Amino acid sequence: MDEIKITAYKCKKCGRIHFPFHDRCLDCIARDFEEIKPEGPVRLLAFTEIYNLPWGFDVRTLKIGVVEFANKVKAMGQIDVDEMGDLKTGMKLTAYWEPVRKTADEDVFGLVFR
Amino acid sequence: MAVDMDLEGVLRAPEIDMAPYPPKVITLANSKKMVVRQASMADVPVLLKAVRPTLDIPRDYYDIVGARLYAELLGWYKHRVRNEYCLVGQIDGYLVGLVNGRMVDHDIGMSYHTLAIDRGLRVGSHLFASKMEYHIEFLEQQEVWITAESPIGFRRWMIEYGLIKQEGVQHELGGATSYKLTRDLYFETKPRLVAGQRPVPKKILDLAMAKIIVADESDIREKICGVKGR
Amino acid sequence: MMRQVAIIGAGMIPFGRRDEDTLLDMLAYASLKALDDAGMGDKGVDAVYVANMGAGILQHQTSVASALVDRLSLMPAAADAIENGPASGASAIKNGVLAVASGYYDYVLVAGGEKMREVVGWKATDFVCTMTHPEAEYPYGVTLPGMAGMFTRLYMEQYGLTREQLIAVAIKNQKMGSLNPNAHVEMIITKEGIADSPDSVVNNPMAADPLHLYDMCPVSDGAAAVILCPLELAKKVTKKTPVVVAGFGQATDTHTLQEREDPTDLKAVTLASRQAFEMAKLTPKDVDFAELHDAFTILEIAESEHAGFFKKGAGGKAVEKGETSLGGKLPINMSGGLKARGHPVGATGVAQVVDSVFQLRHELGKDRQVKGAKIGFTLNFGGFGNNVVAFVLTRAE
């Protein structure tokens, strides 16, 4: 399984976790961060299935969700399940690092949850 | 013009029996009722009146769709296209859209064109679905071949139905890539894409069957183009 | 001491699909309407602010403010283009207001426009997606409707919002749009047609679960413009009743939804609204009508709550009871809103103010006019609530 190539940032002063990057902590405005990797299973915080996709996607619909990793990193990704009915806010999923789209015929990797 | 039936016997292709399309009624987003029913060859002159103004409308490829549809309908009328059909959508008797295609053989249907006159109500989507319903459920064919001339068509059919691309297979309309709808794919997508109720209430059906009313040319242009003033 | 700022001219062109017009055409037509409405005659302006989000991408054209000045022969007026996503329009007006209030400029033209139908739908969707976070969101194909879908599900779970309440917003706004000659969508829809009938599955398909097609605004072309000047000069120029910018507010929130403590809390809406009311020395209870940013039906309800008009969870019920319809306690989106009037991104915030000016001048027909309207509120929602601008507008007595 490919390593998840996302870097999250933990404020060294107050411990707040950030992803994506901020130059200053969202809580205490400090500028010193420890780089961390998202770890563990994820908890589904929000999700939807999108039917009118932007240019660059060949599929009819995409399921998208926002999750929280066990170490409190929050991130968005695509969800790979058959039916929307299989999803519930708060459920546990596993995160993978896989192709999520193509740009100029090259795979773009990102988070996929299943 | 007198028709020489001996000559017609040579020029006309032998037709396959085609089951008729039973009319249905669809409730649109504004609660208007659209009757979808089969037009007969005798209706073609009226249909041509509705299609003709589109030849001058380049917006959304109406000109190419209209030009080809005009030729197909005329070809059907003159018995030069075999096993063609045309389904029309009518609201209060007014023609709001039409679709056509033909039966190639017992297994394969060829979808030709979809022309919506009233826009914004998914008339085109409903009529396209109706012709797929005709091919699969009433003509009992195995697959329907489809191509698209406009991005709207591509989105509504190739993407919405998940049509199967047919590499190297030429659609009768030529040009763009050919796709197909199979029986399995039709029944899988039917619950979300095919609408309509049967039987049609008598009053509504009688109005539709009595006459296909065509709006005048400037109204048709306005409906299709919806040009906003300053 | 800041001067009071008046809106003395307002104009817009009908929103819709405008293949025959370029972006500059639309901006120019709307600007001329506003200049004429103000009675400016041949008079020039000191500054021009142009709101636009996508000209660089969609039309391959930049520096649109300079282009508009040239087009309208307004040189040597100062000119700035303002880009703030869907809140570009209100941001541009805010900048114009500050310019006049400061005393630096007297007459300011603010125009907003967008030509989104230049490209095919998928590309227009992709253009809107450029607002999302380039690393954390964009690669995944998330769209603004997608964000609204996630937001709606959470709102339903947290506040008991129902699908029927969203449908009520859609029906109300399309009805009002059908009465607005400037609206993109002039079609009445019914609950039968979009929800109750078995055929509604096809009429109103899912767009971003649980939001459907008719929960979404259309993709539109269009432009709108206003003329600003100090209130003390207004009477010298116009015979029409000036509309005063009594208060404005702007606030931001995190770029990504995931970094908000409570993703259903539209903090920027609450803060911007509060600022506007405080500046105007008014409260939500004083407002006679509102033009809210209903790019999605959920947003009209959520914004009405976060701006302070209804308690959290009560906005949906208010729509159902008719409180936000014409004649109700607080008519919302009598223009048809973004839902029906349309959403040419850069134009929207300006169009909200234009429609409010018509309301406050009592110039609308009885099918849209809020009787005796004196105080209006507009809210322009950028990104997914990460940059919000609000105005309180009052009829000058």
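The structure presented is a predicted model; accordingly, all values stated were derived computationally and were not measured.

### Here's the deal with the interface of chain A and chain C
Then, in step 1: Taken residue by residue, the interface counts 36 residues in chain A and 30 residues in chain C.
Then, in step 2: For the pair chain A and chain C, the summed buried area comes to about 2700 Å², and 61% of that belongs to carbon and sulfur atoms.
Then, in step 3: Between chain A and chain C we count zero salt bridges in total.
Then, in step 4: Our enumeration of links across chain A and chain C arrives at 14 residue pairs in polar contact (both at pLDDT 80 or more).
Then, in step 5: Elements that contribute at least two residues to the side of chain A that touches chain C include exactly β4 (42-50), β5 (62-69), β6 (74-79), β8 (95-103) and β9 (106-113) of chain A.
Then, in step 6: With six residues, β4(A) is the largest single contributor of residues to the side of chain A that touches chain C.
Then, in step 7: Of the residues belonging to the side of chain A that touches chain C, the class tally is 23 nonpolar, nine polar and four charged.

### Regarding the packing of helix α2 (residues 44-51) of chain B against helix α3 (residues 62-77) of chain B
When two helices pack together, their arrangement is given by the angle between the helix axes and by the axis-to-axis distance.
Residues and elements named next belong to chain B.
Then, in step 1: Relative orientation of the contacting elements α2 and α3 amounts to 170°, with a least axis distance of 10 Å. Looking at the two axes, α2 sits roughly antiparallel to α3. Of α3, the residues touching α2 (which contributes Val44, Pro45, Leu47, Leu48 and Val51) are Gly66, Leu69, Tyr70, Leu73, Leu74, Trp76 and Tyr77.

### What to know about the sheet that holds strand β3 (residues 33-36) of chain A
All names here are of chain A.
Then, in step 1: Strand order in the open sheet made by the three strands is β2-β1-β3, with antiparallel pairing throughout. Looking at the sheet topology across the chains shown, the edges are occupied by β2 (17-18) and β3.
Then, in step 2: Sheet topology note: the strand β1 (residues 8-11)/β3 ladder contains four bridges and is antiparallel. What sits directly across from Cys11, in β3, is Phe33.

### Brief notes about the pairing of β6(A)
Residue and element names in this part refer to chain A.
Then, in step 1: Counting buried positions along β6 yields five of six residues, so the element is predominantly enclosed.
Then, in step 2: As paired strands, β5 and β6 are joined by five bridges and run antiparallel to one another. Bridging across to β6, Ile64 finds its partner in Gln78.
Then, in step 3: In this structure, the hairpin formed by β5 and β6 is closed by a connection of four residues, where Lys72 is found at a positive phi of approximately 75°.
Then, in step 4: The sheet contact formed by β6 and β9 spans two bridges and is parallel. When the sheet's bridge partners are listed, Ile79 is paired in β9 with Phe113.

Procedures and definitions
Residues numbered from 1 in each chain as written. Chains lettered and ligands numbered in written order. Predicted model: local features only at pLDDT ≥ 70, side-chain atom pairs only at ≥ 80, totals over all residues. Heavy atoms only, no water. Contact = heavy atoms within 4.5 Å. Buried area = accessible area lost by both parts, 1.4 Å probe. Salt bridge = Lys/Arg side-chain N within 4 Å of Asp/Glu carboxyl O. Polar contact = N/O pair within 3.5 Å; in protein donor to acceptor, adjacent residues only side chain to side chain. Helix = DSSP H or I, 4+ residues; strand = E, 2+ residues; numbered from the N terminus. Nonpolar A, V, L, I, M, F, W, Y, C, P; charged D, E, K, R; others polar. Axes fitted to C-alpha atoms, helices over the stretch in contact; angles between N-to-C directions. Parallel < 35°, antiparallel > 145°, perpendicular 65-115°, else oblique. Pairing = 2+ DSSP bridges. Buried < 20%, exposed > 50% of the residue type's maximum accessible area, 1.4 Å probe, protein only.

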